[in-house]
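Listed below are the residues making up each chain.
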Amino acid sequence: MNDKHHEFEKYDFFRSDRFVNDPYSYFDYLRQQSPVLREAHQGIVMVTGYDEALEIYNDPERFSSCMSTTGPFGGCPIPLEGRGNEDISALIEAYRDKTPFSDQLPTMDPPEHTKHRALLMALITPKRLKENEEFMWDLAEKQIDSFIARGECELMGDYAQPFAVLVISDLLGVPPEDRIQFRKHLIRQEQEQGGTGVGDVKKGEVHHSPLAWLYDTFSAYIEDRRRNPKGDILSGLAAATFPDRSVPEPLDVARIAANLFAAGQETTVRLLSYAFQVIGERPDLQQRLRADRSLIPNFVEECLRIEGPVKGDFRLAKKPTKVGGVDIPAGTFLYVANSAANRDSRKFENPGEFQMDRENARLHVAFGRGRHTCPGAPLARAEAVVSVNRMFDRTRDIRISEKVHGPPGARRYGYLPTFILRGLTHLVLEFDPVPEGSQ
Ligand code: HEM
């Protein structure tokens, strides 16, 4: 083991900034020892292997999602001490209401999760997704109009953030006259907090949810449409029922809508920024993509694999068990590192290399797996494919701004200082606009 590796041991992945710029060397270091390994600072079991990650995601009987976005760092109200040999399922249920974000879909377990997830899936029908994708093509065009003449843009603020908010607004059928409000409320919050919107975890602090505005707004929509159905998307939402046909409270529906904004914004923004970072950094790939647009979907999959926006999520062991031959006492927090599983060489050859034609790129776990697997995956994929296509339509050559990020070989990029999200803080691009009329 070399000196660099010994040095890794000194730093707490969850509390220090040491691994913000490069979490991958640390994950590789852990995986080399064991794909399932308890780290010394917090006692959290780090899961860096692909098969092991899948085993955990696919087994909610053994692993609970309560506290999936905060781990122990949002405060753990459940008295876990000394329970390593017990089945703590009932204990988790007894304290569930006191755990952070317990009303949010990502932290629910079956059977509650199954019920609320069904409500959400009733919204994301193939028909709705298709209409939403059609909307994206126009929206991308309009968003690009707002900066194209400048020959440069800050991708997050000028494009990705407004784009991501407006796409979800369209998906949920927010009336066009209200969308400016959504943009104002949601983007302002995001910039103030630099976070996920759900309640971001920054070095262990939890900023409480900025979702109140969304809850109020959607509860009001649902109440209104229940009184006066208008045949629009919100009326469909208002009429949706749980699988047992019981009628959800307006707040239950509002939570689902808010979850979509919270989980679908920051993540998509980071995917878009990484895709354009690669396009700017790799003129060879940019040329190939421009020449053959059918390569774009797999390019997006490889972006998700090698630099997924969600570094990892937590699970809590409900009973004493084993994963990858390692004993896991009940009450153990596990950090399932998607970004590490996606670079496991047992699954992906030369995992640190960006291979646009990688055949199994789509098998990445950037969207998780199992019951909580990202329901927004088709949307996020479409947002990236549409954005890359439209930017190619409107520009001749996309470059990284040397003024802001420095010259090739000495670039300066900033990354979000959270242990959940991976992504750039900003990205300035320069380009030659295609003259109007010659597209
Ligand atoms: C590149 C973009 C995205 C990435 C990398 C991503 C990643 C993920 C991951 C890893 C999970 C699973 C968490 C877990 O198992 O604990 C998840 C869940 C979720 N995502 Fe996404 N997501 C993205 C975009 C979106 C979009 C666009 C939406 C909505 C429009 C969305 C909505 C959700 C929701 C509601 C959940 C919770 C599902 C559940 O708990 O059943 N995501 N996402």
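Since we're looking at a predicted model, the values are computed, not measured. (Residues numbered from 1 in each chain as written. Predicted model: local features only at pLDDT ≥ 70, side-chain atom pairs only at ≥ 80, totals over all residues. Heavy atoms only, no water.)

## Digging into the environment of Phe63
Moving on, step 1. Within the secondary structure layout, Phe63 lies in strand β3 (residues 63-64).
Moving on, step 2. Taking the C-alpha atoms as reference points, Phe63 and Gly331, separated by 268 residues in sequence, lie 9.6 Å from one another. (Helix = DSSP H or I, 4+ residues; strand = E, 2+ residues; numbered from the N terminus.)

## Structural notes on the site of the ligand
Moving on, step 1. Around the ligand lies a shell of 28 residues, among which His113, Arg117, Arg315, His372 and Cys374 are the nearest.
Moving on, step 2. At a separation of 2.6 Å, an oxygen atom of the ligand approaches a polar side-chain atom of His113.
Moving on, step 3. A distance of 2.7 Å separates an oxygen atom of the ligand from a polar atom in the side chain of Arg117.
Moving on, step 4. For the shell around the ligand, the elements supplying multiple residues, two or more each, are α5 (112-121), α11 (250-264), α12 (266-281), β7 (313-317) and α16 (377-394). (Near = heavy atom within 4 Å. Polar contact = N/O pair within 3.5 Å; in protein donor to acceptor, adjacent residues only side chain to side chain.)

## Details of the pairing of strand β12 (residues 428-433)
Moving on, step 1. One ladder, built from three bridges, connects strand β4 (residues 152-154) with β12; its direction is antiparallel. Bridged to Cys153 within β12 is Leu429.
Moving on, step 2. The pairing of strand β11 (residues 395-400) with β12 spans four bridges and is antiparallel. Across the sheet, residue Ile400 finds its bridge partner in β12, namely Leu429. (Pairing = 2+ DSSP bridges.)

## With respect to the pairing of β7
If a strand is regular, its side chains alternate between the two faces of the sheet.
Moving on, step 1. Within β7, five of the five residues are buried, which leaves the element mostly enclosed by the surrounding structure.
Moving on, step 2. Burial of the side chains of β7 extends over both faces: Asp313, Arg315 and Ala317 are buried on one face and Phe314 and Leu316 on the other.
Moving on, step 3. Of the pairings in the sheet, the one linking β3 to β7 comprises two bridges and is antiparallel in character. Bridge assignment links Ser64 to a residue of β7, and that residue is Leu316.
Moving on, step 4. Where β7 meets strand β10 (residues 333-336), four bridges bridge the pair, whose relative direction is antiparallel. Across the sheet, the residue bridging to Leu316 is Phe333, located in β10. (Buried < 20%, exposed > 50% of the residue type's maximum accessible area, 1.4 Å probe, protein only.)

## As for the sheet that holds β10
Moving on, step 1. Taken together, five strands build an open sheet; the order of strands is β1-β2-β10-β7-β3 and the sheet is mixed. Edge positions in the open sheet fall to β1 (36-38) and β3, since each of these has one partner strand only.
Moving on, step 2. By the bridge criterion, three bridges tie β1 to strand β2 (residues 45-47) in an arrangement that is antiparallel. When the bridges of β2 are listed, Val36 appears paired with Val47.
Moving on, step 3. Contacting β1, β2 and β10, helix α2 (residues 23-33) crosses the sheet at an angle of about 100° to β2.
Moving on, step 4. On the sheet, helix α3 (residues 50-57) packs against β1, β2, β3, β7 and β10 and is oriented at approximately 125° with respect to β10. (Contact = heavy atoms within 4.5 Å. Axes fitted to C-alpha atoms, helices over the stretch in contact; angles between N-to-C directions.)

## Digging into helix α14 (residues 296-306)
Helical geometry note: an α-helix holds 3.6 residues per turn, so side chains three or four residues apart project in the same direction.
Moving on, step 1. A large share of α14 lies buried, amounting to nine of its eleven residues.
Moving on, step 2. The set of residues buried in α14 consists of Ile296, Phe299, Val300, Glu301, Glu302, Cys303, Leu304, Arg305 and Ile306.
Moving on, step 3. Residues of α14 that are buried sit in contact with α2, α12, α13 (283-291) and α16.

## Focus: the sheet that holds β4
Moving on, step 1. Judged by pairing direction, the sheet is antiparallel, and its three strands sit side by side in the order β4-β12-β11 without closing on themselves. Edge positions in the sheet fall to β4 and β11, since each of these pairs with one other strand and no more. For this sheet the average axis-to-axis angle between neighbouring strands, irrespective of direction, equals 25°.
Moving on, step 2. Helix α7 (residues 155-171) rests against β4 and β12 of the sheet, and its axis sits at about 65° to β4.
Moving on, step 3. Packing against the sheet, α12 makes contact with β11 and β12, and its axis sits at approximately 95° to β11.

## Focus: the nonpolar core
Soluble globular proteins tend to pack their nonpolar side chains together in the buried interior.
Moving on, step 1. Counting 89 residues, the largest nonpolar core has Phe218 and Phe299 as the members making the most contacts within it.
Moving on, step 2. It is α7 that provides the largest number of residues to this core, a total of eleven residues.
Moving on, step 3. The contacts of Phe218, once residues within four sequence positions are left out, are Leu172, Val174, Phe182, Leu234, Ala254, Ala257 and Phe261.
Moving on, step 4. The next biggest cluster of nonpolar side chains, apart from the first, holds 30 residues, and it includes Cys66, Phe73, Ile92 and Tyr335. (Core = buried A, V, L, I, M, F, W, Y, C linked by side-chain atoms within 4.5 Å.)

## Considerations on unusual backbone geometry
Moving on, step 1. Cis geometry marks the peptide bond from Pro110 to Pro111, where omega comes out at 5°.
Moving on, step 2. Phi angles above zero are rare outside glycine, and Phe101 is one such case at about 55°.
Moving on, step 3. Along the polypeptide, Phe101 turns up in the loop between α4 (89-95) and α5.
Moving on, step 4. Residue classification places Phe101 among the buried positions, given a relative accessible area of 8%.
Moving on, step 5. Backbone geometry at Arg245 places phi at a positive 75°, although glycine is not the residue there.
Moving on, step 6. Topologically, Arg245 is positioned in the loop between α10 (233-239) and α11.
Moving on, step 7. Overall, the relative accessible area of 69% leaves Arg245 in the exposed class.

## Let's talk about the confidence of the model for the protein chain
Moving on, step 1. In this model, the protein chain carries an average pLDDT of 92, and 93% of its residues clear a pLDDT of 70 or more.
Moving on, step 2. Across residues 189-208, where pLDDT falls below 50, the model places 56 contacts with residues more than four positions away in sequence or in other chains. (pLDDT = per-residue confidence, 0-100.)

## Considerations on the packing of α7 against α11
Moving on, step 1. One can describe the packing of α7 onto α11 by two numbers: an axis separation of 10 Å at closest approach and a directional angle of 155°. Relative to α11, α7 is oriented roughly antiparallel. Viewed along their axes, α7 and α11 form a crossing whose handedness is right-handed. On the side of α7, the interface is formed by Val165, Ile168, Ser169 and Leu171, while α11 contributes Leu260, Phe261 and Gly264.
Moving on, step 2. Taken together, the residues that form the contact of α7 with α11 break down as five nonpolar, two polar and no charged. (Parallel < 35°, antiparallel > 145°, perpendicular 65-115°, else oblique. Left-handed = near helix turned anticlockwise from the far one by under 90°. Nonpolar A, V, L, I, M, F, W, Y, C, P; charged D, E, K, R; others polar.)

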